[in-house]
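Listed here are the chains, written in short residue letters.
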Amino acid sequence: MKGLMYSAKRADLERTKLLQCENTLLDWKEQSQKRGHRVDGLTVIFDMEGVSSKMLWRPGLQMYLHLVKVLEDNYPEMMKRLFVVNAPRIFPLLYKLARPLISEDMKNKIHVLGSHFKDTLLQYIDAEELPVFLGGVKTDPDGNPRCSTMICQGGEVPRDYFLQDKESEDHLESATVSRGDKLCLTYNVTKPGSVLRWEFKTDDFDIGFGVHVLRNGKRETVVATERVNSHIVPEDGSITCQHPATYVVTFSNHHSVWRKKTIRYCVEVLGADHSSTTPPSNMF
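Residues numbered from 1 in each chain as written. Predicted model: local features only at pLDDT ≥ 70, side-chain atom pairs only at ≥ 80, totals over all residues. Heavy atoms only, no water.

As recorded in an unreviewed UniProt entry, the chain goes by Retinal-binding protein and comes from Babylonia areolata.

This part is about unusual backbone geometry. Positive phi values are uncommon outside glycine, yet asparagine 86 reaches one of about 55°. Its identity is not glycine, yet aspartate 204 carries a phi of approximately 75°, on the positive side. Within the secondary structure layout, aspartate 204 lies in the loop between β6 (194–202) and β7 (207–215). (Helix = DSSP H or I, 4+ residues; strand = E, 2+ residues; numbered from the N terminus.)

The next thing to look at is helix α2 (residues 10–35). Three- or four-residue spacings in an α-helix give side chains the same orientation, since the helix completes a turn every 3.6 residues. Taking 1.5 Å per residue as the helical rise, α2 with its 26 residues ought to reach 38 Å, and the 38 Å between its terminal C-alpha atoms agrees with that figure. For α2, every residue scored as buried is listed here: Ala11, Leu13, Cys21, Thr24, Trp28, Gln31 and Ser32. Directly beyond the C-terminal end of α2, a positive phi value near 80° is found at glycine 36. (Expected span 1.5 Å × (residues − 1). Buried < 20%, exposed > 50% of the residue type's maximum accessible area, 1.4 Å probe, protein only.)

Taken as a whole and judged by the stated rule, the model has 12 salt bridges. A salt bridge links lysine 261 to aspartate 206, with the shortest nitrogen-to-oxygen separation between them at 3.8 Å. With lysine 261 in strand β11 (residues 261–270) and aspartate 206 in the loop between β6 and β7, this pair connects stretches of sequence that are 55 residues apart. Per residue, the accessibility class of lysine 261 equals that of aspartate 206, and both read buried. Across the pair glutamate 220 and arginine 215 runs a salt bridge, and its minimum N-O distance is 3.4 Å. For glutamate 220, a relative accessible area of 33% translates into the label partly exposed. (Salt bridge = Lys/Arg side-chain N within 4 Å of Asp/Glu carboxyl O.)

This paragraph deals with the confidence of the model for the chain. Residue-level pLDDT values for the chain average 87, and 91% of them are 70 or greater. Ranking the elements of the chain by mean pLDDT puts strand β12 (residues 274–277) last, at 45, and helix α6 (residues 118–124) first, at 96. Segment residues 272–284: pLDDT under 50, and 31 contacts once partners within four positions in sequence are set aside and those in other chains are kept. (pLDDT = per-residue confidence, 0-100. Contact = heavy atoms within 4.5 Å.)

We now examine helix α3 (residues 58–74). Given a rise of 1.5 Å per residue, 17 residues ought to cover 24 Å, and the 24 Å separating the end C-alpha atoms of α3 matches this to within 8%. Residues of α3 that are buried: Pro59, Gly60, Leu61, Met63, Leu65, Leu67, Val70 and Glu72. As for α3, its buried residues are in contact with α1 (2–7), α2, α4 (91–98) and α5 (104–107).

The structure is reproduced here in structure tokens:
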């Protein structure tokens, strides 16, 4: 997970997972038409062989749990059953962390099989469709029992995939947020439907980030201010501004007693005439 997060933006990881789900829905539609009856529901094998305590790396775990919630919120009925095989010792801890994000219906679909799983899998999957390493008879054309030409094998992400040393920062502005302080950027949006987008990274340490809107004399939360690990992987995102108003983007260092934070950022409004200002950080 660390290699993936070093190699792609957070939003792109999320979009990739959503794209996979949308492609599955299209595949179901095609298969339903081809077979003359409804085809839906996934039987998923979650092979945890090789998973160790490195999985407890906090930013990666947070991202993984975020993806679980996104899928639960948007594709609640996609999963028919989930078999966890080769569950490691840390699985109970991982499951405990994910459990609050999983619906009761989904919990009933999860079956933890450990290392004795082959007989159970064959009750639901034809041996001809199950790779040899999972108890079936399917192999690659060259006899490889792991079916590497059909299944991504995962593994360590090469360091030359990492974004940290590749991305140009010419379009980013730079600022320093003192310890216990914050930087607020305001954007006056005049056209409904405009998109406020942002990307940023910090040097060495995390920072708080949030978005609020000022409308009719009230301050409303659009993106709750939370600490993000933008020192590990660049953070990016966007919102659609439904109403003309003043939007405030905040980089908060209130949680830091000792360290100032250097941020490189780009915040812009797309699709509308607007103006932006940077008020004193103690204004909000």
